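Okay, here's what each chain looks like letter by letter:
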Amino acid sequence: MTQIAELLAANEGYVAALAKVSDARPSRQLAIVTCMDARIDVFAALGLRLGEAHVLRNAGGRVTHDVLRSLALSAHVLGVETVVIMQHTKCGLTGVTDEDLRRLTGADLGFIPIDDHAAALREDIQLLAETPYLHPLAVIAGFVYDVETGEIDDVVRWERPTG
Ligand SMILES: [Zn+2]
């Protein structure tokens, strides 16, 4: 229980210093989809502040059914127009196969491993761009974050054609 007690103790300090943001709509009309990797501080790496962006995290930062569900709400209910998908170097989903991960976990799931960052980003961006209910999204970018240097490689860009 030490873990949980530490979290609750930290929260007491946080409450005192809390920056209050009343509007649930991200003020920069922005959503970031990225990996759950513990080495990525999304807000610091991208210069974001509380209230500015939705941050959707999962293994690999891949566009899953649940990411589509969340972005449908981001786009239609909460005003999001720009999405950044940010994968990263040394990700646990690179260099493995679905079969490897099924064997390791005993879970029969589609883990969406990453063979090649550029190809995976293009695939996920295409999926977002072609999803009819995500038409409010105007700009999508695909980044790769280097977990050793903190640098971002700006790999893929998409803008919705006008007219
Ligand atoms: Zn990762």
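Residues numbered from 1 in each chain as written. Predicted model: local features only at pLDDT ≥ 70, side-chain atom pairs only at ≥ 80, totals over all residues. Heavy atoms only, no water.

Within the protein, C35 (SG), H88 (NE2) and C91 (SG) serve as the donor atoms for the zinc ion, at 2.0 to 2.2 Å. Counting along the primary sequence, the residues that act as donors to the zinc ion give the motif C-x52-H-x2-C. We classify H88 as buried; its relative accessible area is 0%. (Donors = N, O, S within 2.8 Å, 3.2 Å for Na, K, Ca; no water. Buried < 20%, exposed > 50% of the residue type's maximum accessible area, 1.4 Å probe, protein only.)

What follows is about the nonpolar core. Of all hydrophobic cores here, the largest spans 22 residues; its most connected members are V33, L71, V83, I85, L128, L134 and I140. Counting only elements with at least two residues in this core, the list comes to β1 (30–35), α3 (65–76), β3 (82–88), α5 (117–130), β4 (139–145) and β5 (152–159). Sort the elements by how many residues they give to this core and α3 lands first, with five residues. If we skip the residues at most four places from it in the chain, V83 touches A31, V33, L71, L128, L137, V139, I140 and A141. With 18 residues, the next largest nonpolar core counts C35, I40, V84 and M86 among its residues. (Core = buried A, V, L, I, M, F, W, Y, C linked by side-chain atoms within 4.5 Å. Helix = DSSP H or I, 4+ residues; strand = E, 2+ residues; numbered from the N terminus. Contact = heavy atoms within 4.5 Å.)

We now examine the pairing of β1. Every regular strand shows the same layout, with side chains that alternate between the two sheet faces. Of all six residues in β1, six are buried; the element is thus mostly enclosed. The pairing of β1 with strand β2 (residues 53–58) spans six bridges and is classified as parallel. In the strand pairing of β2, L30 is matched with A53. (Pairing = 2+ DSSP bridges.)

So, about the pattern of salt bridges. Counted by the stated rule, this structure contains eleven salt bridges. Salt bridges sharing partners connect three or more residues here, namely R28, R49 and E52. (Salt bridge = Lys/Arg side-chain N within 4 Å of Asp/Glu carboxyl O.)

Right, let's get into α5. The end-to-end C-alpha distance of α5, which contains 14 residues, comes to 20 Å, matching closely the 20 Å that a straight helix rising 1.5 Å per residue would cover. Every buried residue of α5 is listed here: A120, L121, D124, I125, L128 and A129. Taken end-on, α5 shows its buried residues confined to a sector of 165°, consistent with a single buried face. In the core, the buried residues of α5 are packed alongside α3, β3, β4 and β5. Backbone nitrogen of A118 and a side-chain oxygen of the N-cap are separated by 3.0 Å at the start of α5; the cap is D116. (Expected span 1.5 Å × (residues − 1). Arc of directions from axis to C-beta. Polar contact = N/O pair within 3.5 Å; in protein donor to acceptor, adjacent residues only side chain to side chain.)

Locating D37 in the fold gives a position in the loop between β1 and α2 (42–46). A polar side-chain atom of D37 sits 2.8 Å from a polar atom in the side chain of R39. Leave out the neighbours within four places in its chain, and D37 touches R57 and H88.

In this section: the pairing of β3. Burial within β3 is extensive, with six of its seven residues counted as buried. The sheet contact formed by β1 and β3 spans five bridges and is parallel. Its bridge partner lying in β3, V33 is registered against I85. Direction of pairing for β3 relative to β4: parallel, over a ladder of seven bridges. In the sheet register, M86 faces β4, and the bridge partner there is F143.

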